[in-house]
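Inside the fold
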Amino acid sequence: MSTSPRTRGRVAIIGAGPAGMAAALSVHQAGHDVVLLERYRQARPAGNILNLWPPPIKALGLLGVDISDLGAPCYSEFRSVDGHTRARVELPEDVIRDYGGGFIGLLRPELYERLLAALPPGVLQVNRGVESIEQDESGARLHMTDGTIEEADVVIGADGIDSLVRRTLWGDSPKREHNLHIFGGFVYADEIDVQRGLCVVSHNRKVQGSWTSIRHKGRNGFQWWVLEAHDADEEFAGDFHATATRLGADFPHPLPQLIAATDPADVQRWPIRDRKPLKQWSKGRVTVVGDAAHPTSPYAAYGAGMATEDGYFLGRRLAGVDLSDYQAVRQALELFEAPRKPHTARQSQQAYILGQMFHHAPAPLQYVRDLVLDRTPLLQKVVGESSPREILEQIDLIDQAERAFAALLG
């Protein structure tokens, strides 16, 4: 691999979500020229509520994003509807101290605003749709919807679950419908007596009902979500707030009260779907990140976080690489995706399995399932112990990447 910190190349990134913006920041720090192409008139969040684990918070800070007072630190538990604790996600005290909490509750618009504020002038180009991509060993060319052509040494597809880049590299593949939908909202609700600093994920026989503290632009509040089975082939025509109210009615305080206090305009609905993990992300000079590589159910609470990590690690791997050298690019992209694939695939698949277990178990098995979850450490092992291990592993990998980056740039 060619490794000179003075070697510059040109990187084109498609899609200005968390993955794309994080990649743009990391690539820029690596010393390459970067253009971030967004097909809409502005970079806008798809949704309102959001949670982040410590690794993406750490990555954001290293990328120059202002992480001061970003979100509400929370401690997380899985509970049954009657309040029995099934799993606790416990992280070391130094991690909670260093990253502002084990689980951070915030709203997507503030994350976007802070990412956008960190982008260097001229990097983001809006109203720039990509029609097709071609590449060879000499470079890549993006044919734009306005008839122009963008040339680049490396192309990064951060263009979501319906990624043109993924389709170009690996062909079309069907979405995996989870046959679930989620309703979520947020409220400040100063008049409701709610314990702050807590994330509670609860289940009854058929519904998940959850809530967590948030902090948005210096103001404390709460987000909540309810999730149930729903046939993806059936169009939903109901009222979002009324449906959420019905689904949350059987859960203990404060969930019904938070839903009731929420402005219906602040309630959204998402059908849940993903795609099976790719065995390979990169081909030639082109790769994919975020939802283009590993769209993930909200059951992981890690979609935006893994997308942010992807962008961070990819930029670090391109540091010092002569992007005109085809083999050097190939090696860098392979080194980037090798540790990311098992991590993201585990999170995506575990989220899918949890959704199926909690919402699609046959009626005769629901009692057995709940008995197992209440009387055995199964969920603690699957969620309460594996999640902290993954989080600590990602923090360690970021530390390793940062040491190598600092040594390279000298």
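Residues numbered from 1 in each chain as written. Predicted model: local features only at pLDDT ≥ 70, side-chain atom pairs only at ≥ 80, totals over all residues. Heavy atoms only, no water.

This part is about the pattern of salt bridges. Inspection of the entire model under this criterion finds 30 salt bridges. Note that Arg-97 is salt-bridged to Asp-98, the shortest N-O span being 3.2 Å. Residue Arg-97 is classed as exposed on the basis of its relative accessible area, which comes to 61%. Here Glu-309 and Arg-340 are joined by a salt bridge, their closest N and O atoms 3.1 Å apart. Pair noted here: Glu-309 is in helix 8 (residues 303–318) and Arg-340 is in helix 9 (residues 326–359), with a separation of 31 residues, a long-range link. (Salt bridge = Lys/Arg side-chain N within 4 Å of Asp/Glu carboxyl O. Buried < 20%, exposed > 50% of the residue type's maximum accessible area, 1.4 Å probe, protein only. Helix = DSSP H or I, 4+ residues; strand = E, 2+ residues; numbered from the N terminus.)

Position of Gln-125 relative to the elements: it lies in strand 7 (residues 124–125). In this structure, the C-alpha to C-alpha distance between Gln-125 and Asp-266, residues 141 residues apart in sequence, is 29 Å. Each residue touching Gln-125, except ones within four places of it in the same chain, is listed here: Val-35, Leu-36, Leu-37, Glu-38 and Glu-150. At a separation of 2.4 Å, a polar atom in the side chain of Gln-125 contacts the side chain of Arg-128. (Contact = heavy atoms within 4.5 Å. Polar contact = N/O pair within 3.5 Å; in protein donor to acceptor, adjacent residues only side chain to side chain.)

Glancing now at the pairing of strand 15 (residues 219–229). Most of strand 15 is tucked away, with eight of its 11 residues classed as buried. Bridge count for strand 12 (residues 176–187) against strand 15 is eight bridges, and the pairing is antiparallel. Pairing of Ile-182 across the sheet is with Leu-227, part of strand 15. Pairing geometry for strand 14 (residues 208–216) and strand 15, over nine bridges, is antiparallel. Residue His-216 lies in a different strand from strand 15, and its bridge partner there is Arg-219. Connecting strand 14 to the antiparallel partner strand 15 that follows it, the hairpin turn spans two residues, and Lys-217 within it adopts a positive phi of roughly 55°. (Pairing = 2+ DSSP bridges.)

Core analysis: the largest hydrophobic core is formed by 67 residues, its most contacted members being Ile-13, Leu-142, Ile-156 and Leu-318. Tallying contributions element by element places helix 1 (residues 18–29) first for this core, with seven residues. Of all hydrophobic cores here, the second largest spans 33 residues; its members include Trp-53, Leu-91, Tyr-99 and Ala-351. (Core = buried A, V, L, I, M, F, W, Y, C linked by side-chain atoms within 4.5 Å.)

What follows covers the state of the cysteines. Within the structure shown, the criterion is met by zero disulfides. There is no disulfide at Cys-74, and the cysteine sulfur nearest it, in Cys-199, is 6.2 Å away. (Disulfide = S-S within 2.5 Å.)

What follows is about the sheet that holds strand 1 (residues 10–14). Pairing between sheet strands relies on hydrogen bonds along the backbone, with the strands arranged either parallel or antiparallel. Spatially, 7-2-1-11-17 is the arrangement adopted by the five strands of the open sheet, whose pairing is parallel. The open sheet has two edge strands with one neighbour each: strand 7 and strand 17 (286–288). This element, helix 9, spans strand 11 (154–157) and strand 17 of the sheet and lies at about 10° to strand 17. (Axes fitted to C-alpha atoms, helices over the stretch in contact; angles between N-to-C directions.)

Here we come to the packing of helix 2 (residues 54–62) against helix 11 (residues 378–409). Direction vectors running N to C along helix 2 and helix 11 enclose 20°, while the axes themselves pass 8 Å from each other. Compared by their axis directions, helix 2 and helix 11 come out roughly parallel. The handedness of the crossing between helix 2 and helix 11 is right-handed. Residues Pro-54, Pro-55, Lys-58, Ala-59 and Leu-62 of helix 2 pack against Ile-391, Gln-394, Ile-395, Ile-398, Asp-399 and Glu-402 of helix 11. A breakdown of the residues in the contact of helix 2 with helix 11 according to their chemical character gives seven nonpolar, one polar and three charged. (Parallel < 35°, antiparallel > 145°, perpendicular 65-115°, else oblique. Left-handed = near helix turned anticlockwise from the far one by under 90°. Nonpolar A, V, L, I, M, F, W, Y, C, P; charged D, E, K, R; others polar.)

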